[in-house]
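Listed below are the residues making up each chain.
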Amino acid sequence: MAPPGDILSDPDIAQAYEDVRSDKSETTWLVLKYASATSDSLKLAQTGTGDIAEMTETLGDDEAAYAYVRVKLGNDEYSERTKFCFVIWAGPQTKIMRKAKMSFQSGQVKQVIRTYAVEVQTSDKHDLKADVVEMKLRKAMGANYDRQGSAY
């Protein structure tokens with residue numbers, strides 16, 4: 001396996017990762033895409049300040065991509081926690097060889113995008129809906145201290 005620097009040589013990737021992690025930055029998500037259809041190198045395709053729905057709009061049905069999203073969760077009006085989600089996206093029309101390469105390249109990406117509560121590997125945008133991802137994050141947090149009932 002090539003070192004992560006080989007496929008992640010874009011210097012903007014590390015800075016975007018730090019921006020998403022930082023409470024001082026308004027950046028809440030990043031998307032990494034392959035530089036071309038035949039390249040194994042990833043580039044920072046886009047960042048944003050919106051929610052996971054905004055990030056999901058940037059994922060094409062014929063693309064392979066990796067995304068990192070900051071999500072704020074609150075149990076009530078007094079508490080709020082920040083959690084992170086790592087997304088491995090292979091759109092439904094992504095070429096089979098790209099999907100095969102992603103199986104080991106995702107490990108290289110995880111050497112750069114290291115800290116997250118849940119990983120979502122999908123080809124269905126339904127899996128990236130805010131309520132679906134928030135439920136996965138809540139389950140990953142462990143104990144449920146919500147004052148109201150919960151579906152999990």
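Everything below is about the structure printed above this text.
The notes below deal with the structure included here. (Residues numbered from 1 in each chain as written. Predicted model: local features only at pLDDT ≥ 70, side-chain atom pairs only at ≥ 80, totals over all residues. Heavy atoms only, no water.)

### Side note on the overall build of the chain
Scanning the chain from N- to C-terminus turns up five helices and five strands. Start at the N end of the chain and walk to the C end: the helices and strands fall as α-α-β-β-α-β-β-α-β-α. In the chain, which comprises 152 residues, the share counted as buried stands at 40%. Taking all contacts inside the chain whose residues are at least 6 apart in sequence as the whole, residues at least 24 apart take part in 61%. Total accessible area on the chain is roughly 8300 Å²; 47% of this is exposed by carbon and sulfur atoms. (Helix = DSSP H or I, 4+ residues; strand = E, 2+ residues; numbered from the N terminus. Buried < 20%, exposed > 50% of the residue type's maximum accessible area, 1.4 Å probe, protein only. Contact = heavy atoms within 4.5 Å. Areas by Shrake-Rupley, 256 points an atom, 1.4 Å probe, with all protein chains shown as cover.)

### Some words on the environment of Trp 29
Looking at the element boundaries, Trp 29 is found in strand 1 (residues 29-34). Of the polar contacts made by the side chain of Trp 29, one reaches the side chain of Glu 54; its length is 2.7 Å. (Polar contact = N/O pair within 3.5 Å; in protein donor to acceptor, adjacent residues only side chain to side chain.)

### Topic: the packing of aromatic side chains
Enumeration according to the criterion identifies five aromatic pairs in this entry. With a centroid separation of 5.1 Å and 40° between ring planes, the pair formed by Tyr 17 and Tyr 68 is classed as tilted. Taken together, the residues Tyr 17 in helix 2 (residues 11-21) and Tyr 68 in strand 3 (residues 64-76) connect sequence positions 51 residues apart. Their ring planes at 35° and their centres at 5.2 Å tell us that Phe 86 and Tyr 116 sit as a pair that is tilted. Here Phe 86 is found in strand 4 (residues 79-90), whereas its partner Tyr 116 is found in the loop between helix 4 (96-109) and strand 5 (118-122), with 30 residues between them in sequence. What makes Phe 86 buried here is its relative accessible area of 0%. Overall, the relative accessible area of 25% leaves Tyr 116 in the partly exposed class. Taken together, Tyr 34, Tyr 66, Phe 86 and Tyr 116 form an aromatic cluster joined through their ring pairs. Its end group placed over the ring of Phe 84, Arg 21 keeps NZ or CZ at 4.4 Å from the ring centre. (Phe/Tyr/Trp six-rings, centres within 6.5 Å; stacked < 30°, edge-to-face > 60°. Lys NZ or Arg CZ within 6 Å of the ring centre and 35° of its normal.)

### Focus: the nonpolar core
Formed by 21 residues in total, the largest nonpolar core has its most connected members in Leu 8, Leu 30, Leu 32, Tyr 66, Val 109 and Ile 113. When residues of this core are traced back to their parent elements, those giving at least two are helix 2, strand 1, strand 3, strand 4 and helix 4. Ignoring anything within four residues of it in the chain, the contact list for Leu 8 reads Ile 13, Leu 32, Leu 42, Gln 108, Val 109 and Val 112. Within the second largest apolar cluster, 18 residues are counted, among which are Trp 29, Val 31, Ala 65 and Val 87. (Core = buried A, V, L, I, M, F, W, Y, C linked by side-chain atoms within 4.5 Å.)

### A look at the side chain of Ser 106
The residue Ser 106 is located in helix 4 in this model. Aside from chain neighbours lying at most four places away, what touches Ser 106 is Tyr 66 and Ile 88.

### Quick look at the pairing of strand 5
Taken residue by residue, a regular strand's side chains alternate between the two faces of the sheet. Taking every second residue as pointing to the same face, the buried face of strand 5 carries Val 118, Val 120 and Thr 122, while none of Glu 119 and Gln 121 on the other face is buried. In terms of strand pairing, strand 4 meets strand 5 through five bridges, oriented parallel. Looking at the pairing, Val 87 lines up with Val 120 of strand 5. (Pairing = 2+ DSSP bridges.)

### Side note on the pattern of salt bridges
Counting across every chain of the model gives five salt bridges. Of the charged contacts in the structure, one is a salt bridge between Asp 40 and Lys 101, with a shortest N-O distance of 3.3 Å. Highlighted residues: Asp 40 in the loop between strand 1 and strand 2 (42-48) and Lys 101 in helix 4, separated in sequence by 61 residues. The class for Asp 40 is partly exposed, based on a relative accessible area of 27%. Linking Lys 72 and Glu 80 is a salt bridge whose minimum nitrogen-to-oxygen distance equals 3.9 Å. In this structure Lys 72 comes out as partly exposed when scored by relative accessible area, which is 47%. Here the salt bridges share partners, and the residues they tie into one network are Asp 40, Arg 98 and Lys 101. (Salt bridge = Lys/Arg side-chain N within 4 Å of Asp/Glu carboxyl O.)

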